[in-house]
Amino acid sequence: MPSNTKVEVRRSPRRRRTVSAYRDGDTTVVLVPATFSRAEEKRWVGRMLQRLEAREGRRHPGDAELRERALELAQRYLGGGEPPDSVRWVDNQNARWGSCTPDTRTIRISRRLAGMPSWVVDYVLIHELAHLSIPHHGRAFWDLVRRYPRAERARGYLEGFSAASRTEACDEDADDVEELGIAEVALEE
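The rules behind the values
Residues numbered from 1 in each chain as written. Predicted model: local features only at pLDDT ≥ 70, side-chain atom pairs only at ≥ 80, totals over all residues. Heavy atoms only, no water. Core = buried A, V, L, I, M, F, W, Y, C linked by side-chain atoms within 4.5 Å. Buried < 20%, exposed > 50% of the residue type's maximum accessible area, 1.4 Å probe, protein only. Helix = DSSP H or I, 4+ residues; strand = E, 2+ residues; numbered from the N terminus. Contact = heavy atoms within 4.5 Å. Phe/Tyr/Trp six-rings, centres within 6.5 Å; stacked < 30°, edge-to-face > 60°. Expected span 1.5 Å × (residues − 1). Polar contact = N/O pair within 3.5 Å; in protein donor to acceptor, adjacent residues only side chain to side chain. Salt bridge = Lys/Arg side-chain N within 4 Å of Asp/Glu carboxyl O.

### A short note on the nonpolar core
Ile109, Leu113, Tyr123, Leu125, Leu129, Val145 and Leu158 are the most contacted members of the largest nonpolar core, which totals 34 residues. Going through the elements one at a time, α2 (63-78), β4 (86-90), β6 (106-110), α3 (118-133), α4 (139-145) and α5 (151-170) are the ones with two or more residues in this core. Ranked by residue count, the leading element in this core is α3, at ten residues. Those residues in contact with Leu158, other than ones at most four positions away along the chain, are Trp97, Leu113, Met116, Val120, Tyr123 and Val124. Of all hydrophobic cores here, the second largest spans ten residues; its members include Trp44, Met48, Leu49 and Leu52.

Okay, structure coming up:
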């Protein structure tokens, strides 16, 4: 778990048998039943943090792997071109999925993407790689990005994820959980 991650525990009177946890930017949200004692809450928060960390460690490449993936995608869909100097995960992007600085040829990918399907991460990489050639979002840029076959699907996924995140912030008691870097377990009775 990133060192700057905060933990927010949300108690739900509707939640009876499950505990869920997910990352929301630099915050880890743990959803527990309202009936939990403080000791149960503490035990389950620790358990869920371990589960998320283990899942993220298995699913997500480090910076070296991310850069290798970016180079492979650039070759496959963008004709190679001049490669980026740096591609890395960052924890401080909460309003964007990725960013590119064409002058320094650096690409940063938000760690919020950790846990999302690989084809979504690939789309964000393609988007940022395209900015190395075309810094604006004009027609030529989008033509380049659309070379990636799952571009529209990934954009829709990210838009849906963003909309769901906004909705979830309004409905703290939501019990419907998708596999988006979310750990959920049934309580042991």
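Read on for the rest.
### Some points on the packing of aromatic side chains
Throughout the structure, instances matching the rule amount to four aromatic pairs. Arranged with centres 5.9 Å apart and planes meeting at 65°, the rings of Trp97 and Phe161 form a pair that is edge-to-face. Placement of Trp97 in the loop between β4 and β5 (98-101) and of Phe161 in helix α5 is noted, with a sequence separation of 64 residues between them. A relative accessible area of 15% places Trp97 in the buried class. Given a relative accessible area of 18%, Phe161 falls into the buried group.

### Observations concerning α3
With 16 residues, α3 ought to run about 22 Å at 1.5 Å a step, and its terminal C-alpha atoms sit 23 Å apart, in line with that. Of all 16 residues in α3, 14 are buried; the element is thus mostly enclosed.

### Focus on the side chain of His131
Within the secondary structure, His131 sits in helix α3. Of the residues examined, His131 reaches a relative accessible area of 8% and is grouped as buried. One polar contact links His131 to His127, side chain to side chain, over a distance of 3.3 Å.

### Considering the pattern of salt bridges
As enumerated under the stated definition, the model contains ten salt bridges in all. Two residues, Glu72 and Arg69, come together in a salt bridge whose shortest N-O distance is 2.6 Å. Residue Glu72 and its partner Arg69 are both found in helix α2; the two are separated by three residues, about one turn of the helix. Through salt bridges with shared partners, one network takes in Arg69, Glu72, Arg76 and Asp122.

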